[in-house]
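The chain contents come next:
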Amino acid sequence: MQCPNGCGEPMKQLRVERLVHDGEGQPLVMVNLLMNVCWECGQESMPLESARAVEGALRGEMASTRQFVAPMYEMA
Ligand SMILES: [Zn+2]
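The structure contained in this document is the topic of the report that follows. (Residues numbered from 1 in each chain as written. Predicted model: local features only at pLDDT ≥ 70, side-chain atom pairs only at ≥ 80, totals over all residues.)

**Section: the overall build of the chain**
In terms of helices and strands, the chain carries one helix and three strands. Its helices and strands taken in sequence order, the chain reads β-β-β-α from the N to the C terminus. Expected size for 76 residues packed as a compact globule is a radius of gyration near 11 Å; at 15 Å, the chain overshoots this value by more than 25%. Overall size of the chain, expressed as C-alpha extent along the three principal axes, is 40 × 40 × 20 Å. Here the chain holds 76 residues, and 5% of them are scored as buried. In the chain, the proportion of contacts linking residues at least 24 apart, taken out of those at least 6 apart, comes to 41%. (Helix = DSSP H or I, 4+ residues; strand = E, 2+ residues; numbered from the N terminus. Rg over C-alpha atoms; globule rule 2.2 N^0.38 Å. Buried ≥ 20, exposed ≤ 12 C-beta atoms within 10 Å, placed from the backbone. Contact = placed C-beta atoms within 7 Å.)

Below you can see the structure in the form of structure tokens.
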């Protein structure tokens, strides 16, 4: 896949972790999410299968494999 910014190098497929939010603002962590990334300019694009996986998770069609709980820190 070519970079939409017209870079010479084709985009590389990378598996990443991504935090997404559902309609109520609840965070979900997607692990091993496939993304196309441009090595030259850093542009990312989400392949259709990844978009479907995120939609499925947001709709509750996927079972979560792990629970993720992170501490939060607020600057005074
Ligand atoms: Zn690029």
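**Section: helix 1 (residues 48-58)**
Summarising burial for helix 1: one of the 11 residues are buried, a small minority. At the C-terminal side of helix 1, G60 shows a positive phi close to 80 degrees.

**With respect to unusual backbone geometry**
Across residues other than glycine, the phi torsion is negative in most instances, and most of the peptide bonds are trans. A positive phi is found at N32, a non-glycine position, where the angle reads about 65 degrees. Among the secondary structure elements, N32 is positioned in strand 2 (residues 27-37). We classify N32 as exposed; it has 10 C-beta atoms within 10 Å.

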